[in-house]
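# Fold and geometry: a report
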Amino acid sequence: MGIQIRSIAPSEFLQWAAVLALAFTETSPKDERERWKREWEDESQIGRCLAAVEGRDIVGTAASECFDLTLPGPAVTQASGVTAVGVVPTHRRQGILTRLMQHEMDGAAERGEAVAILYASETLIYGRFGFGPATLHAEYTIATDRPDFIDPTPPPGTLRIIDGQTALKILPPVADRHVAVQPGAIRRSAPWWNAWIEEGKPQDGMSERFYVTYANPDGDVEGYAAYRGKGDWSRGYAHDTIRVNHLIATTDRAYSALWRYLITLDLAGEVTASGRPVDETLRWLLADSRRMRTTWLSDGLWVRLVSVPAALESRRYTAEGALRIGVRDAFRPENSGTYLLHGGPDGARCRRDAGAPDIELDVARLGSVYLGGVSFSRLARAGHVAERSSGAVQRADAMFSSPIEPWCPTSF
Ligand SMILES: CC(C)(COP(=O)(O)OP(=O)(O)OC[C@H]1O[C@@H](n2cnc3c(N)ncnc32)[C@H](O)[C@@H]1OP(=O)(O)O)[C@@H](O)C(=O)NCCC(=O)NCCS
């Protein structure tokens, strides 16, 4: 029987979500699926849910969400955030995901979303579709037995613990100010915030989620942390685990004040924070920085240039320069070709060009360097970038590098 790829009707959402759970071999309680449906209905997102259908059965799922993605500059582009990808175990390796991804990329191009982004469950899946890892995620575990900061004086200002409903009012504008300057970050919608606060109940044997804000001496909120705790008395003394869910700071003093709060919580033995940037400044604040260990490091956000010239024109460039980039794109061959990019701190122009390229690379590698967190020279050393004119890789590095390490604090 043939497989058809189509959008789902809202009445099919719960069945569609159950198929996704099956693909992930996960339980998906009905109330959770209903909450998800409400969130996506509010965002008019259900029209962007694709299904691979065989007869009356859904055998594959994929969806996308339109995000404002911050680019180096800072600048903003509308990105297609691909999510909810799954194929039922009986139908794997028959090309269903490939067809779903063709629909996803065509849809993004039609809507004018020049960039697609995603988080990958496995590293080997998405390179063939032109995605490259563009940010890293780290997890840090901080032993709290020596919590001293190099500067013993905490920043002036006020820490305040707030409940979920208050958090819903106070946190979004703070997060938005952070997103506006953080390359790789995406702006969260009101339905996202509602769903996130709803998920704040106790889970996985951990406490409910607690919210703490930092306000400067004028009373302006400059950052927040959200965390859960789990008691552990098995050693005969308290050695609780604190799991930091989010720590967002728009100023250095907010950053320092919030970390001090978390690391000095009574009864805590260790503080774990995952999904964090690789350039976490905390290491440079702690007197005994070895107490902070990197316990996980992995790829974070993957990026795909759906339209090469539109994507390259959307961001700003650290150094003024011109570069002819030869791009290979096997999955969307219409993207393949040579592009002349003129870019600088104030903007960029990019168009197809008949000249010989200065550098050549696959579109997935261009996705990796796009946010400025991976250098062309590193990819060249790994054999992924070919330098065709002398000095071009160095020039590309100077243009594309970002003074702020790209990081996406939000999963989707
Ligand atoms: C990942 C998944 C969606 C792939 O679906 P699929 O329909 O089997 O994929 P396709 O048949 O279109 O595969 C296309 C190619 O990718 C390869 N591929 C697919 N999944 C892969 C994986 N997990 N690891 C390595 N290669 C993979 C296939 O072998 C095939 O290669 P080929 O073109 O050389 O033959 C499916 O296996 C799945 O649902 N996995 C569990 C849930 C999951 O991880 N989802 C992704 C969330 S980000």
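Residues numbered from 1 in each chain as written. Predicted model: local features only at pLDDT ≥ 70, side-chain atom pairs only at ≥ 80, totals over all residues. Heavy atoms only, no water.

## Some details on the site of the ligand
Around the ligand, 19 residues are found, and the nearest of them are Val-87, Arg-93, Gly-95, Thr-98 and Ser-121. A distance of 3.0 Å is found between an oxygen atom of the ligand and a backbone nitrogen or oxygen belonging to Leu-97. With respect to the ligand, the side chain of Arg-128 contributes an N or O atom lying 3.0 Å from an oxygen atom. In isolation the ligand exposes 890 Å². Once the protein is present, 74% of that is buried. Secondary structure elements with two or more residues in the shell around the ligand: β4 (75–87) and α3 (96–111). (Near = heavy atom within 4 Å. Polar contact = N/O pair within 3.5 Å; in protein donor to acceptor, adjacent residues only side chain to side chain. Areas by Shrake-Rupley, 256 points an atom, 1.4 Å probe, with all protein chains shown as cover. Helix = DSSP H or I, 4+ residues; strand = E, 2+ residues; numbered from the N terminus.)

## Observations concerning the domain arrangement of the chain
Domain annotation of the chain identifies domain 1 (3–113), domain 2 (138–299) and domain 3 (304–400). On a C-alpha basis, the centroid separation for the pair domain 1 and domain 2 is 31 Å. With 12 residues of domain 1 at the contact, the number on the domain 2 side is 15 residues. Summing both sides of the interface, domain 1 and domain 2 together bury roughly 1,100 Å²; the carbon and sulfur share of this comes to 58%. (Domains from an automatic or database assignment. Contact = heavy atoms within 4.5 Å. Buried area = accessible area lost by both parts, 1.4 Å probe.)

## As for the sheet that holds strand β18 (residues 359–362)
Taken in spatial order, the 5 strands of this open sheet run β17-β16-β15-β18-β19, and their pairing is mixed. In the strand order of this sheet, the two ends are held by β17 (347–352) and β19 (385–387), each with one partner. When strand polarity is set aside, the average angle formed by the axes of neighbouring strands in this sheet is 25 degrees. As judged from the 6 bridges shared by strand β16 (residues 337–344) and β17, these two strands associate in the antiparallel manner. Counted as the bridge partner of Tyr-339 is Arg-352 from β17. The strands that helix α10 (residues 392–400) touches are β15 (321–328), β16, β18 and β19; relative to β15, the one it contacts most, it runs at about 105 degrees. (Pairing = 2+ DSSP bridges. Axes fitted to C-alpha atoms, helices over the stretch in contact; angles between N-to-C directions.)

## Looking at the layout of surface pockets
Put simply, the second largest pocket is a space of about 470 Å³. Every residue lining the second largest pocket is counted, 21 residues in all, and those nearest its centre are His-178, Gln-182, Ala-249, Tyr-255 and Thr-281. Every element with two or more residues in the lining of the second largest pocket is listed here: α4 (164–179), β11 (240–249) and α6 (252–263). Its residues assigned to classes, the lining of the second largest pocket comprises 9 nonpolar, 6 polar and 6 charged. (1 Å grid on protein atoms, 1.4 Å probe; cavity = no way out; pocket = protein on both sides within 12 Å on 5 of 7 lines; lining within 4 Å. Points joined across faces, edges and corners; volume = space filled by probe spheres on them. Nonpolar A, V, L, I, M, F, W, Y, C, P; charged D, E, K, R; others polar.)

## Description of helix α1 (residues 13–23)
Those residues of α1 lying buried are Phe-13, Trp-16, Ala-17, Val-19, Leu-20, Ala-21 and Ala-23. Those residues of α1 hidden inside the fold are in contact with α2 (30–42), β2 (49–54), β3 (57–71) and β4. Backbone geometry just downstream of α1 places Thr-25 in the positive-phi region, at approximately 50 degrees. (Buried < 20%, exposed > 50% of the residue type's maximum accessible area, 1.4 Å probe, protein only.)

## Looking at the pattern of salt bridges
Summed over the entire model, instances satisfying the criterion amount to 21 salt bridges. When the shortest N-O distance is used, the salt bridge between Asp-288 and Arg-291 registers 3.6 Å. We classify Asp-288 as buried; its relative accessible area is 18%. A single salt-bridge network, built from bridges that share partners, covers Arg-35, Arg-38, Glu-198 and Glu-199. (Salt bridge = Lys/Arg side-chain N within 4 Å of Asp/Glu carboxyl O.)

## Some remarks on the sheet that holds strand β5 (residues 115–118)
Pairing is mixed across the open sheet formed by 7 strands, whose spatial order is β1-β2-β3-β4-β5-β14-β6. This sheet does not close on itself; its edge strands, each paired only once, are β1 (3–7) and β6 (132–133). One ladder, built from 2 bridges, connects β6 with strand β14 (residues 302–305); its direction is antiparallel. In the strand pairing of β14, Gly-132 is matched with Val-303.

## Remarks on a nonpolar patch on the surface
On the surface, a nonpolar cluster with roughly 230 Å² of combined accessible area is contributed by Leu-136, Val-278 and Leu-297. Here Leu-136 shows up in strand β7 (residues 136–143). (Patch = residues over 30% accessible without salt bridge, like charges linked within 9 Å, V, L, I, M, F, W, Y side chains within 5 Å.)

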